[in-house]
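This is what each chain is made of:
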Amino acid sequence: MAAPSSSNWVMESPHVPHVLAVDDNLIDRKLVEKLLRNSSCKVTTAENGPRALELLGLTSGGQNTMNGRSKVNLVITDYCMPGMTGYELLKKIKESSVMKEVPVVIMSSENIPTRINKCLEEGAQMFIQKPLKQSDVKKLTCQLMNCEI
């Protein structure tokens, strides 16, 4: 697992972290959702980048479609998805004045150093090798909630 970037991304409130998990593969998406829920996270899922942008309110209409759910504290996305890659989603989030402070974690089953560096340089908080493990999620949520591991 790549080291997290240096920016401070602690949650503003002591409430349960709300994570948006994005993956085109249903099995991987369900696994990420289960691991996050096991770590006491509230989880919203999206099957692709455009749907994630819609949920975040970053489409042309600009409406957040979370239906009253709390603000997202973390986005975790697969890198390799059809239509819009995780890298492209990362760039859209970081270009947004409203969402740019939300940490984005990229997951991939491929360990390609240039890809990892490109994502970290664009503002990804972390790059995690798939399959995601409970220990990875624990580190993420602890960092998000500013607790000791």
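Provided above is the structure to which this section pertains.
Residues numbered from 1 in each chain as written. Predicted model: local features only at pLDDT ≥ 70, side-chain atom pairs only at ≥ 80, totals over all residues. Heavy atoms only, no water.

**Some points on the nonpolar core**
Counting residues in hydrophobic clusters, the biggest one holds 24 residues, and the most contacted among them are Leu20, Val22, Val75, Ile106 and Cys119. The set of elements that each furnish at least two residues to this core consists of β1 (18-22), α2 (49-56), α3 (86-95), β4 (104-108) and α4 (113-121). Among residues more than four places away in sequence, those in contact with isoleucine 106 are Thr77, Tyr79, Gly86, Leu90, Cys119, Ala124, Met126, Phe127 and Ile128. Counting 17 residues, the second largest nonpolar core, distinct from the first, contains Leu36, Val43, Ile76 and Met126. (Core = buried A, V, L, I, M, F, W, Y, C linked by side-chain atoms within 4.5 Å. Buried < 20%, exposed > 50% of the residue type's maximum accessible area, 1.4 Å probe, protein only. Helix = DSSP H or I, 4+ residues; strand = E, 2+ residues; numbered from the N terminus. Contact = heavy atoms within 4.5 Å.)

**A few points about the packing of aromatic side chains**
Scanning the model with the defined rule gives zero aromatic pairs in all. One cation-aromatic arrangement involves lysine 118 over tyrosine 87; the distance from NZ or CZ to the ring centre is 4.3 Å. (Phe/Tyr/Trp six-rings, centres within 6.5 Å; stacked < 30°, edge-to-face > 60°. Lys NZ or Arg CZ within 6 Å of the ring centre and 35° of its normal.)

**Considerations on the sheet that holds strand β3 (residues 74-78)**
One open sheet accounts for five strands, arranged β2-β1-β3-β4-β5; its pairing is parallel. Single-partner strands in this sheet number two, and they are β2 (42-46) and β5 (126-129). Across the sheet, the axes of successive neighbouring strands diverge by a mean angle of 20 degrees, strand direction being ignored. Summarising the sheet, β3 and β4 pair through four bridges and their orientation is parallel. Considered in β4, the bridge of valine 75 is made with valine 104. Each of β1, β2, β3 and β4 touches helix α1 (residues 26-38); the most contacted strand, β2, lies at about 170 degrees to it. Contacts from helix α5 (residues 134-145) reach β3, β4 and β5 within the one sheet, and its direction differs from that of β5 by about 165 degrees. (Pairing = 2+ DSSP bridges. Axes fitted to C-alpha atoms, helices over the stretch in contact; angles between N-to-C directions.)

**A closer look at the pairing of β4**
One face of the sheet, then the other: side chains in a regular strand alternate in exactly this way. Here β4 lies mainly inside the structure; five of its five residues are buried. Residues Val104, Ile106 and Ser108 point to one face of β4 and Val105 and Met107 to the other, with burial holding for every one of them. A crossover links β3 with its parallel partner β4, the connecting element being α3, and its sense is right-handed. Pairing analysis gives four bridges linking β4 to β5, with the strands arranged parallel. When the bridges of β5 are listed, methionine 107 appears paired with isoleucine 128. In this view, the connection linking β4 to its parallel neighbour β5 by way of α4 has right-handed handedness. (Right-handed = clockwise from strand over helix to strand, strands pointing away.)

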